[in-house]
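# Coordinates in review
The chain contents come next:
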Amino acid sequence: MRPYLCVDFGSTFTKALLIDAGAGEVLAATSSRTTIDTDLMDGFDACVDALRVDHPEVDGAAVRACSSAGGGLRVAVVGQEDLVTAEAGRRVALSSGGIVVGVLAHPHG
């Protein structure tokens, strides 16, 4: 069974669990500072790199992420066009607790 990488982007730390959902087992856990000074993905990459040392299967894991950061993450939505992709992205960001700071799309798709 393909493992899952469950990630929580917090305001201070990014936490990650590698799990085997079929066995109901946590394979590994790690955390890294949430790097708000550079890019949020730097914290994510640090977690994946730490997990990869003993669990190379993390590279094929299905990723599930959430945010426990106070006030929600700031999200910029980029869509192919206004009506469908940009609006869908905006709704997903809002429903996940994000703070939408911008929506960009080509005006004519």
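See the structure shown above.
Residues numbered from 1 in each chain as written. Predicted model: local features only at pLDDT ≥ 70, side-chain atom pairs only at ≥ 80, totals over all residues. Heavy atoms only, no water.

## Describing the pairing of strand β3 (residues 25-33)
- Bridging between strand β2 (residues 13-20) and β3 involves eight bridges; their strand directions are antiparallel. Each residue of the ladder has a partner; that of Ala16, found in β3, is Thr30.
- Linking two consecutive strands that pair antiparallel, namely β2 and β3, is a turn of four residues; a positive phi of about 65° is found at Gly24 within it. (Pairing = 2+ DSSP bridges. Helix = DSSP H or I, 4+ residues; strand = E, 2+ residues; numbered from the N terminus.)

## Brief notes about the sheet that holds strand β1 (residues 4-9)
- The strand order across the open sheet formed by four strands is β3-β2-β1-β4, and the pairing between neighbours is mixed. Of all strands in the sheet, those with a lone pairing partner are β3 and β4 (62-67), marking the two edges. Pairwise comparison of adjacent strand axes, ignoring direction, gives a mean angle of 15° for this sheet.
- With six bridges joining them, β1 and β2 adopt antiparallel strand pairing. Residue pairing for β2: Asp8 is matched across the bridge by Lys15.
- Running at roughly 135° to β3, helix α1 (residues 40-52) makes contact with β1, β2, β3 and β4 of the sheet. (Axes fitted to C-alpha atoms, helices over the stretch in contact; angles between N-to-C directions. Contact = heavy atoms within 4.5 Å.)

## Details of the packing of aromatic side chains
- For the structure on display, the rule yields one aromatic pair.
- Ring centres 6.3 Å apart and planes at 35° place the aromatic pair Phe9 and Phe44 in the tilted group. Pair noted here: Phe9 is in strand β1 and Phe44 is in helix α1, with a separation of 35 residues, a long-range link. In terms of burial, Phe9 and Phe44 fall into one category: buried. (Phe/Tyr/Trp six-rings, centres within 6.5 Å; stacked < 30°, edge-to-face > 60°. Buried < 20%, exposed > 50% of the residue type's maximum accessible area, 1.4 Å probe, protein only.)

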